[in-house]
Amino acid sequence: ALPPNWEVRRSTTYNRDYYFNTTSGESRWDAPTPRVNKKMRASHILAKHVDSRRPSSWRQENITLTKEEALKRIEEFREKIGAGESVFADIAKVESDCSSAKHGGDLGWFEEGKMQPAFEKGVLTLEVGEMSKPVWTDSGVHIILRTG
Ligand SMILES: N=C(N)NCCC[C@H](NC(=O)[C@@H]1CCC/C1=C/[C@H](COP(=O)(O)O)NC=O)C(N)=O
């Protein structure tokens, strides 16, 4: 596939196709190298707060936690998992404010551009098997475990 904002156009003067970038206005005869879209997989534990874009979840109809309280929750989970006291998926199942809780926090495979930028960035800075520090998105505050 062509990278974003590129399209094929027809040159009538030379009677052949060329490539046009609709944002930069650049045109070229040779096709821009197709971008390989990175695929990644991650699980997460989400703690929502009163300012979350959707302050409601399967766990709690109306979420009133402050950002500080949500961060405190996330840091407690991170401690427990880091100390080997709890398994990530078990905590996610009970504590995560995302519907992925029912899958132990697993979001499955996804490509760049699917998740909120801050979340995607958080995943891409992790090695597979590594757990993130708290990551903030419009949804709330997350711990991310990169799994693929
Ligand atoms: N097709 C599916 N199932 N969803 C499309 C993905 C939507 C994506 N979601 C996220 O980025 C948040 C942060 C990472 C995971 C995630 C889960 C959110 C968090 O909960 P919410 O703030 O939405 O209530 N719940 C589900 O989507 C986005 N681009 O907004």
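Predicted, not measured: the structure shown is a model, and the values here were computed from it. (Residues numbered from 1 in each chain as written. Predicted model: local features only at pLDDT ≥ 70, side-chain atom pairs only at ≥ 80, totals over all residues. Heavy atoms only, no water.)

*Asks:* Let's hear about the environment of Gly-82: which residues, and what values?
*Replies:* Examined against the element boundaries, Gly-82 turns out to sit in helix α1 (residues 67-82). Spatially, the C-alpha atoms of Gly-82 and Met-131 are 8.6 Å apart, while their sequence positions differ by 49 residues. (Helix = DSSP H or I, 4+ residues; strand = E, 2+ residues; numbered from the N terminus.)

*Asks:* Tell me about the packing of α1 against helix α2 (residues 88-95), residues and numbers included.
*Replies:* Look at α1 against α2: their axes get within 10 Å of each other, and the N-to-C directions meet at 155 degrees. As far as their axial angle goes, α2 and α1 are roughly antiparallel. Once α1 is placed against α2, the crossing between them reads as right-handed. Across the interface between the two elements, Arg-73, Phe-77, Lys-80 and Ile-81 from α1 touch Phe-88, Ile-91 and Glu-95 from α2. Residue classes in the contact of α1 with α2 are distributed as four nonpolar, no polar and three charged. (Axes fitted to C-alpha atoms, helices over the stretch in contact; angles between N-to-C directions. Parallel < 35°, antiparallel > 145°, perpendicular 65-115°, else oblique. Left-handed = near helix turned anticlockwise from the far one by under 90°. Contact = heavy atoms within 4.5 Å. Nonpolar A, V, L, I, M, F, W, Y, C, P; charged D, E, K, R; others polar.)

*Asks:* An account of the pairing of strand β4 (residues 39-47) is needed here, citing residue identities and associated values.
*Replies:* Most of β4 sits inside the fold, with seven of its nine residues counted as buried. The pairing of β4 with strand β5 (residues 106-111) spans four bridges and is antiparallel. Counted as the bridge partner of Met-40 is Phe-110 from β5. Note that β4 and strand β7 (residues 140-146) share six bridges and pair antiparallel. Across the sheet, the residue bridging to Ala-47 is Val-141, located in β7. (Buried < 20%, exposed > 50% of the residue type's maximum accessible area, 1.4 Å probe, protein only. Pairing = 2+ DSSP bridges.)

*Asks:* Give a description of the packing of aromatic side chains that names residues and reports values.
*Replies:* Using the criterion set out here, one finds three aromatic pairs in the structure. The interplanar angle of 85 degrees and the centroid separation of 5.6 Å between the aromatic rings of Tyr-14 and Trp-29 together place this pair among those described as edge-to-face. Of this pair, Tyr-14 sits in the loop between β1 (6-11) and β2 (16-21) while Trp-29 sits in the loop between β3 (27-28) and β4, and the two are 15 residues apart along the sequence. A relative accessible area of 59% places Tyr-14 in the exposed class. A relative accessible area of 39% means that Trp-29 is categorised as partly exposed. Taken together, a centroid distance of 6.5 Å and an interplanar angle of 45 degrees make the contact between Phe-110 and Phe-119 tilted. Like Phe-110, the residue Phe-119 is buried in the burial classification. Each member of the aromatic cluster is reached from another via a ring pair, and the members are Tyr-14, Tyr-18 and Trp-29. Over the face of the ring belonging to Trp-29 we find Arg-16, whose NZ or CZ atom lies 4.0 Å from the ring centre. (Phe/Tyr/Trp six-rings, centres within 6.5 Å; stacked < 30°, edge-to-face > 60°. Lys NZ or Arg CZ within 6 Å of the ring centre and 35° of its normal.)

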